[in-house]
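Remarks on the overall topology
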Amino acid sequence: MINKVVPSAQAALHDIFDGATLMLGGFGLCGIPENAIAELIRLEVKNLTCISNNAGVDDFGLGLLLQKRQVKKMIASYVGENAEFERQLLSGELEVDLIPQGTLAERIRAGGAGIPAFFTSAGYGTEVGEGKEAREFNGKMYLLESWLKADFALVKAWKGDTAGNLVYKGTARNFNPLMATAGKITIAEVEELLPAGALDPNQIHTPGIFVQRIFQGQHYEKRIEQRTVSSA
Amino acid sequence: MINKVVPSAQAALHDIFDGATLMLGGFGLCGIPENAIAELIRLEVKNLTCISNNAGVDDFGLGLLLQKRQVKKMIASYVGENAEFERQLLSGELEVDLIPQGTLAERIRAGGAGIPAFFTSAGYGTEVGEGKEAREFNGKMYLLESWLKADFALVKAWKGDTAGNLVYKGTARNFNPLMATAGKITIAEVEELLPAGALDPNQIHTPGIFVQRIFQGQHYEKRIEQRTVSSA
Amino acid sequence: MALDKHGIARRIAQELQDGYYVNLGIGIPTLVANYIPAGMNVVLQSENGLLGMGPFPTDDAVDADLINAGKQTVTTLPGSSLFNSAESFAMIRGEHIDLTILGAMEVSEKGDIANWKIPGKMVKGMGGAMDLVASARNIIVAMQHTSKDGQSKLLPECTLPITGLRCVKKIITDLAVLEITPQGFKLLERAPGVSVAEIQKATAGQLIIEGAIPEITV
Amino acid sequence: MALDKHGIARRIAQELQDGYYVNLGIGIPTLVANYIPAGMNVVLQSENGLLGMGPFPTDDAVDADLINAGKQTVTTLPGSSLFNSAESFAMIRGEHIDLTILGAMEVSEKGDIANWKIPGKMVKGMGGAMDLVASARNIIVAMQHTSKDGQSKLLPECTLPITGLRCVKKIITDLAVLEITPQGFKLLERAPGVSVAEIQKATAGQLIIEGAIPEITV
């Protein structure tokens, strides 16, 4: 089997360039590639286009990149937890493309699956549909949406093996498996890196073919946005 | 959790009607819904439109339905293992729609996912593209293909639970999870039926929402088309 | 007396049916989970990738890798399943969800809904709302009848950017239960002690009143 | 002497590179798996849902639930993965496969391929071939140079229904290795002891011969 392991985030992200288009997995702060984000900050790469469902919070996740003004354009579905984001957006410092969440997910899947465009009903009759081709199927209106791809996809998994196979945990899966398919170079960080053969082939979420580089992540903080509990 | 269990193939398939459109999982004879096919024969339903990657062999799988002349139209990608099929097709007794395998898979997924149409490059410039809208994206030509849905999807899984969650084994997965999403009524037969909670939520291939009825299958033959072995 | 948000959630819970798969939006809709009638099997979908959402975890069972679409820590139940965002919206777009309950800033008498943007002021994004309203078979809106400054949120036309056209079926507010009909908002029930006249006053869009309007019982 | 099918497979194996993901069609292409150079990491994809296809099982390890696209029983390897047919063709359509090797009934000098239908005689269906040829970054055809009755299969234009347009990059036959160029079939290598004149005679399409043509070494 092909070995995709690199020793560190530094080795994995060494060729990310100013102006690159990145996909970053995660929903809120759940399942984000913490090590890759830290390395992007260390690299000080600029003018990034970031495709991610959310934009982190002010002081964690993608919010850290926004703080450092490394992001030129953000493509997301919901950015409500980030005041700095809203400030940069309203002041015009940041380009933003807001996309319905299901359309965002499907456009990324389409990018990975070689489907240049598809029809979806989400956003018809709204601002999202402006300038887009609309068509009726079976009496309902749909919009034509195009695929999304990225120079680099940065994803985070629970377990991975040396062949690049990935398994996610809980709702930390979210956009990660989709983005893994749509990056020209997909870089996976994992909580636990295992030898090929340690994962059940029947239970792989991302087959290794989609992953170009994999590394063992360090020091996961896994910050919780809303710690809600019930009494036992 | 909602309980989807019915006691038998007979109970599960009782309302399948003459002229119904069916999807049947499987690739070759691998992962086919053996119990459901046997029940279709017992029911003697006629004029069926069957969507399935293959058409079985002369005396097993979908071939049994062809023998009994229960099939009006077959939608498939490859039917090379079935002489009776080829006879009925060449004689005009059977309507046949041959579709590239990836397009067939994606059209079924689209049916389940509410995507009425999408572009794919497969078949452009061939008979498959005749009468279809073609469009260029990034210098390459693509065909517009529409979703496929069915009145009933008949799928076969390895393990299932009372909530309708399914797990497949090996390459018996193939079209089964896609078809499960695209049936108005999806009927799953399983080798092992378990209580809800027995399967790891992180490792479900088909979430229960897609399954309307599930039953414990009996007497799986699992016939092998080409038993190829190597010396130890 | 107008219903509080728990009252609204309790009234919405009466719309549930055994065997329903339900997507609950953020805010009041989330509270509906607390009022599912005992013995009724209802499965909650969270669009970030969970079917069969359970209650909040006990303190020692909190898992950062298990949240709902509102980013709250949650639990799974026996029979739950986890999946990616494309599969999640395949469920939604493919009309596999029986009922969607969500909040709104405005609803028009035609059933249009606005809940994602206030131009120049608030830009949080639509999240999954546009997908949900474009595809749900049945959409119930849970909201206050009027804004904090007393403006009606039930309008002839939405003034804010639209989330979806002609999609809302029913509205449950602090004052009333209303159904969208070709003629406008049809008043079905009123909050205990709230008069039809009060509801009329708080409703800017066309209000249809036919016969005696019963009180909401929760 | 013309190559036998194992010779063709051996020559094709020289096209493999370390780190390649490869889809092998039914027939001669399947044999290529036997000639992967030792120490080279090549992963075989089977479009029915397996990445990392291993050798045929020993008799006691045969599993009816584990077959390849040719319906033969196979095995997995450490690092293999299994997936559904939509995911499988997402890999193919999304150009994640480095090399596709398949058989053909005809190839044109422009790189068109026909391998799925003989009108009125044979209708087996295209299976995954149309998806593979429409999306593969690199396609090698493995076939006999001529049909059983001696007709050339390398033509100016295909006469049979097309599987895909302008997609074949290289052809490896019992007689020769040829590359598709804008000018036609460029002869790269000839089978041991087979003359350029013999290849010319067996090739109906435009054949480009530049300089000395080396013999295939396998």
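The text that follows walks through the structure, step by step, so that each part is easy to find. Going along each chain's sequence as written, the residues are numbered from 1 onward. Think of it this way: whatever chain is written first is A, whatever ligand is written first is 1, and the rest follow in order. With the structure being a predicted model, the display of local features is reserved for residues of pLDDT at least 70 and the display and counting of side-chain atom pairs for 80 or more, all residues being used for whole-chain, interface and lining totals. Calculated side-chain values reflect all of the structure's heavy atoms, with hydrogen atoms and water omitted.

A separate point is the overall build of chain A. Secondary structure elements follow DSSP: runs of H or I no shorter than four residues count as helices, runs of E no shorter than two count as strands, and numbering proceeds from the N terminus. Along its length, chain A carries 6 helices and 11 strands. Our radius of gyration looks at C-alpha atoms and nothing else; its globule reference is 2.2 Å times the residue count to the power 0.38. Radius of gyration (C-alpha) of chain A: 18 Å, near the 17 Å computed for a compact globule of 232 residues. Its C-alpha atoms give chain A principal-axis dimensions of about 50 × 50 × 40 Å. Within chain A, contacts between residues at least 6 apart in sequence are counted, and of these 71% link residues at least 24 apart. Here the open area of atoms and residues is found with the Shrake-Rupley method and a 1.4 Å probe, where only the protein chains shown may cover a residue. Accessible surface, chain A as shown: approximately 7800 Å² in total, 48% of it carbon and sulfur. When the 23 positive and 27 negative side-chain charges of chain A are each reduced to one mean point, those points stand 4 Å apart. In this analysis, two residues are considered to be in contact whenever any of their non-hydrogen atoms come within 4.5 Å of each other. Note on charges: Lys and Arg go in the positive column, Asp and Glu in the negative column, and His and the chain ends are not counted at all. Charge positions come from single atoms, namely NZ of Lys, CZ of Arg, CG of Asp or CD of Glu.

Turning our eyes to something else, we now look at the environment of Gly184 of chain D. All names here are of chain D. As for its position among the elements, Gly184 is in strand 14 (residues 184-190). Take Gly184: its relative accessible area is 0%, and that puts it in the buried class. The sequence separation of Gly184 and Ser147 amounts to 37 residues, and the corresponding C-alpha distance is 20 Å. Residue contacts for Gly184: discarding those within four places in its chain leaves Glu109, Glu179, Gln206 and Ile208. Note on classification: 1.4 Å probe, protein chains only; a residue is buried when its accessible area is under 20% of the maximum for its type, exposed when over 50%, partly exposed between these limits.

Okay, the packing of aromatic side chains next. Each Phe, Tyr or Trp ring, with Trp reduced to its six-membered ring, pairs with another whose centre is within 6.5 Å; inter-plane angles below 30 degrees give stacked pairs, above 60 give edge-to-face pairs, and intermediate values give tilted ones. What the rule picks out here adds up to 6 aromatic pairs over all chains. Here Phe137 of chain B and Tyr142 of chain B contribute two aromatic rings whose centre-to-centre distance is 5.7 Å and whose plane-to-plane angle is 75 degrees, an arrangement assigned as edge-to-face. Every member of this aromatic cluster is reached through a ring pair, and the members are Phe119, Phe137 and Tyr142 of chain A. Placement of a positive charge over a ring is assigned whenever Lys NZ or Arg CZ falls within 6 Å of the ring centre and within 35 degrees of the normal to the ring plane. In this structure, Lys159 of chain A is placed above the aromatic ring of Trp158 of chain A, and the distance from its NZ or CZ to the ring centre is 4.4 Å. Above the plane of the ring of Trp147 of chain B lies Lys149 of chain B, whose end atom (NZ or CZ) is 3.9 Å from the centre.

Residue-level contacts link 24 residues of chain B with 24 residues of chain A. Defined in terms of a 1.4 Å probe, buried area is the accessible area two parts forfeit on being brought together, summed over both. In total, about 1900 Å² of surface goes out of reach between chain B and chain A, with carbon and sulfur atoms giving 44% of it. Among the residues chain B hides against chain A, the three largest losses belong to Pro116, Asn202 and Gln203 of chain B. Together they make up 28% of the total. By salt bridge we mean one thing: a side-chain nitrogen of Lys or Arg within 4 Å of a carboxyl oxygen of Asp or Glu. Run the count over chain B and chain A and you get 4 salt bridges. For the salt bridge of Arg135 of chain A with Glu133 of chain B, the shortest nitrogen-to-oxygen distance reads 2.9 Å. Pairs of N or O atoms are called polar contacts if they sit within 3.5 Å, as long as, within protein, a hydrogen donor faces a hydrogen acceptor (for residues adjacent in sequence, only side-chain-to-side-chain pairs). One can count 14 residue pairs in polar contact (both at pLDDT 80 or more) joining chain B with chain A. Elements supplying a minimum of two residues to the side of chain B that touches chain A: helix 5 (101-113), strand 5 (117-120), strand 6 (134-137) and strand 7 (140-146) of chain B. Counting residues per element, the side of chain B that touches chain A draws most heavily on strand 5 of chain B, which supplies 3 residues.

We now examine the interface of chain C and chain A. Between chain C and chain A, the contact holds 49 residues from the first and 51 residues from the second. Between chain C and chain A lies a buried interface of about 4000 Å² when both sides are counted; carbon and sulfur atoms form 57% of it. For chain C, the biggest contributors to the area lost against chain A are Asp65, Lys71 and Lys124 of chain C; these three give 19% of the whole. Linking chain C with chain A are 7 salt bridges, by the criterion used here. Residue Glu127 of chain A is joined to Lys117 of chain C by a salt bridge in which the shortest nitrogen-to-oxygen separation is 2.9 Å. Linking chain C to chain A there are 25 residue pairs in polar contact (both at pLDDT 80 or more). Elements represented by at least two residues in the side of chain C that touches chain A include exactly helix 3 (85-93), strand 9 (122-123) and helix 4 (129-135) of chain C. Ranked by the residues each element gives to the side of chain C that touches chain A, the list is headed by helix 3 of chain C, at 5 residues. Any residue outside Ala, Val, Leu, Ile, Met, Phe, Trp, Tyr, Cys, Pro, Asp, Glu, Lys and Arg is labelled polar, Gly included; the first ten of those are nonpolar and the last four are charged. In terms of residue class, the side of chain C that touches chain A is made up of 21 nonpolar, 16 polar and 12 charged.

All buried positions along helix 4 (residues 83-90) of chain B are accounted for by Glu84, Phe85, Glu86, Gln88 and Leu89 of chain B. Where helix 4 of chain B is buried, its residues touch helix 3 (62-67), strand 3 (71-76) and strand 4 (95-98) of chain B together with strand 9 (122-123) of chain D. Phi for Gly92 of chain B, located one or two positions after helix 4 of chain B, is positive at around 85 degrees.

Buriedness for pockets is judged along seven lines, at least five of which must meet protein on both sides within 12 Å for an open set on the 1 Å grid over protein atoms alone, while cavities are sets there where a 1.4 Å probe fits but cannot get out, and lining residues have an atom within 4 Å of a point. Grid points are joined across faces, edges and corners, and a volume is the space filled by probe spheres set on the points. The final tally for this structure, using the stated rule, is 11 cavities of 30 Å³ or more. The calculated volume of the largest cavity comes to roughly 800 Å³. Together, 41 residues line the largest cavity, and Arg109 of chain A, Asn84 and Glu87 of chain C together with Asn84 and Glu87 of chain D are the ones closest to its centre. Among the elements of the structure, helix 5 (101-113) and helix 6 (176-182) of chain A, helix 5 and helix 6 (176-182) of chain B, helix 3 of chain C together with helix 3 (85-93) of chain D are those that each provide at least two residues to the lining of the largest cavity. Ranked by residue count, the leading element in the lining of the largest cavity is helix 3 of chain C, at 4 residues. Partitioned by chemical class, the residues of the lining of the largest cavity number 21 nonpolar, 14 polar and 6 charged. Its volume calculated, the second largest cavity comes out at about 110 Å³. As for the second largest cavity, its lining consists of 14 residues, of which Leu29, Cys30, Gly31 and Arg223 of chain B together with Ala64 of chain D are closest to the centre. Taken together, the residues that form the lining of the second largest cavity break down as 6 nonpolar, 1 polar and 7 charged.

The copies were overlaid by least squares, fitting only the C-alpha atoms of residues that reach a pLDDT of 70 or more in each copy. The two copies are related by a screw operation: chain B maps onto chain A through 180 degrees of rotation and 0.0 Å of translation along the axis, at an RMSD of 0.0 Å. Both copies of the chain, as the preceding transformation shows, are related through a two-fold rotation axis. The rotation axis passes nearest to the C-alpha of Phe118 of chain B in chain B, at a distance of 2.0 Å. Both copies share a contact surface, since 100% of the interface residues of chain B are interface residues in chain A too.

With their axes 9 Å apart at the nearest point, helix 5 of chain B and helix 3 of chain D run at an angle of 125 degrees to one another. Judged on the interaxial angle alone, helix 3 of chain D and helix 5 of chain B are oblique. Crossing geometry of helix 5 of chain B relative to helix 3 of chain D is assigned as left-handed. Here Gln101, Gly102, Thr103, Ala105, Glu106 and Arg109 of chain B of helix 5 of chain B come into contact with helix 3 of chain D, specifically with Ser85, Ala86, Phe89 and Arg93 of chain D. Of the residues in the contact of helix 5 of chain B with helix 3 of chain D, the class split is 3 nonpolar, 4 polar and 3 charged. With axes taken as lines fitted to C-alpha atoms, and helix axes fitted only over the stretch in contact, angles between N-to-C directions fall between 0 and 180 degrees. Here the angle decides the label: under 35 degrees means roughly parallel, over 145 means roughly antiparallel, 65 to 115 means roughly perpendicular, and every other value means oblique. We call a crossing left-handed when the near helix sits turned anticlockwise from the far one by less than a right angle, and right-handed when that turn is clockwise.

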